[in-house]
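Per-entry structural report
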Amino acid sequence: MSKKQEAEAVDGRRLRRERSRLAIVEAALALQEEGILVPTAQQISDRAGVGIRSFFRHFEDMETLFEVADDHIRDSYEMLFLGGDRDGTMEERIDHAVERHADAYESVSNIVQGTQAQLWRYETLRKNYARNQRGLRKDLDDWLPELKSAPREIREAIDAITSFEMWHRLRYHQGLSKKSSINILKGMLKSLIGDD
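Below or above, wherever it landed, is the structure these notes cover. Counting restarts for each chain: residues are numbered from 1 in the order of the written sequence. Per-residue local features of the predicted model are confined to residues with pLDDT of at least 70, and side-chain atom pairs are confined, for both listing and counting, to 80 or more; whole-chain, interface and lining totals are unaffected and use all residues. With hydrogens and water set aside, each side-chain value is computed from the structure's full complement of heavy atoms.

This paragraph deals with the packing of aromatic side chains. Pairs were defined over the aromatic rings of Phe, Tyr and Trp, the Trp ring being its six-membered one, requiring ring centres within 6.5 Å. Orientation was assigned from the angle between planes: stacked under 30 degrees, edge-to-face over 60, tilted for the rest. In the structure shown here, the tally under the stated rule is 5 aromatic pairs. Where Phe55 meets Phe59, the ring centres are 5.9 Å apart and the plane angle is 50°; that geometry is what we call tilted. The residues Phe55 and Phe59 share a single accessibility class, namely buried. The interplanar angle of 75° and the centroid separation of 5.0 Å between the aromatic rings of Phe66 and Tyr122 together place this pair among those described as edge-to-face. Only protein chains enter the accessibility calculation, which uses a 1.4 Å probe. A residue is then buried if its area is under 20% of the maximum for its type, exposed if over 50%, and partly exposed in between.

A word on a negative patch on the surface. Taken together, the side chains of Asp85, Asp87, Glu91 and Glu92 present a region of like negative charge at the surface. With respect to the helices, strands and loops of the structure, Glu91 is situated in helix 5 (residues 90-118). By relative accessible area, which is 52% here, Glu91 ends up exposed. To count toward a patch, a residue needs a relative accessible area over 30% and no salt bridge; like charges are then connected within 9 Å, while nonpolar side chains (Val, Leu, Ile, Met, Phe, Trp, Tyr) are connected within 5 Å. Using the Shrake-Rupley algorithm and a 1.4 Å probe, accessible areas are obtained, with residue cover drawn only from the displayed protein chains. Any Lys or Arg side-chain nitrogen found within 4 Å of a carboxyl oxygen on Asp or Glu counts as a salt bridge. In this tally, Lys and Arg are treated as positive and Asp and Glu as negative; His is ignored, and so are the chain termini. Where a charge lies is defined by one atom per residue type: Lys uses NZ, Arg uses CZ, Asp uses CG and Glu uses CD. By the criteria applied, helices consist of DSSP H or I runs no shorter than four residues and strands consist of E runs no shorter than two, each listed in order from the N terminus.

Moving on, we get to helix 6 (residues 123-143). An α-helix turns once every 3.6 residues. As a result, residues three or four positions apart point the same way. Between the first and last residue of a helix there are one fewer steps than residues, each counted as 1.5 Å, and that sum is the expected span. Between its terminal C-alpha atoms helix 6 stretches 30 Å, which fits the 30 Å expected from 21 residues at 1.5 Å a residue. Taken as a whole, helix 6 has its buried residues at Thr124, Leu125, Asn128, Tyr129, Leu136, Asp139, Leu140, Asp141 and Trp143. The criterion used for residue contact is that any of the two residues' heavy atoms lie within 4.5 Å. Packing partners of the buried residues in helix 6 comprise helix 4 (62-81), helix 5, helix 7 (152-161) and helix 8 (164-173).

A few words on the pattern of salt bridges. Tallying each qualifying case throughout the model produces 18 salt bridges. Note that Arg131 and Asp70 form a salt bridge whose closest N and O atoms lie 3.0 Å from each other. Of this pair, Arg131 sits in helix 6 while Asp70 is found in helix 4, placing the two residues 61 residues apart along the sequence. The class for Arg131 is partly exposed, based on a relative accessible area of 22%. Between Glu123 and Arg126 there is a salt bridge, and its shortest N-O distance comes to 2.8 Å. With a gap of 3 residues between them, Glu123 and Arg126 both fall in helix 6, about one helical turn apart. Salt bridges linked by common partners bring Arg137, Asp141, Arg152, Arg155, Glu156 and Asp159 together as one network.

This is the structure:
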């Protein structure tokens, strides 16, 4: 075999390896999106079309997979929250922020629930979740700069009201529509900030 053929063979193996690795990451995310919030390595391997041994050649453990998956989708889920019309009165900005977060929470619901279900087990998920919570708080400060001077109790209450956990409670546990949930959150925020 010539050096050129050897190089092409190595490049081909590397490309197959990269394709398999990406297929595993995408399979894990697809399973979560479909409602399998905590997919097993076997389920992910089956969906990706690779053997379980191949899975563990690419990922030492599930935590390693979570790190790579987070890197793979971080920009796309962060973009769901960023942007939007941040001008106008405080009331208008509250409306826009709640609507933007509602759309984002609807999009990432299964991923967040799967993460929450495994926080106790994986340090990577705890670190990523904490990073995302800090990002959401900073983003809310961008929507409503007035919050920076709010008393701590008010600020913490606002974080609770705008959290995924509150959104999920309204939508799933209380069975409310998206529109009703949005209206409740808007009313709570306006009442709380207006009392400040």
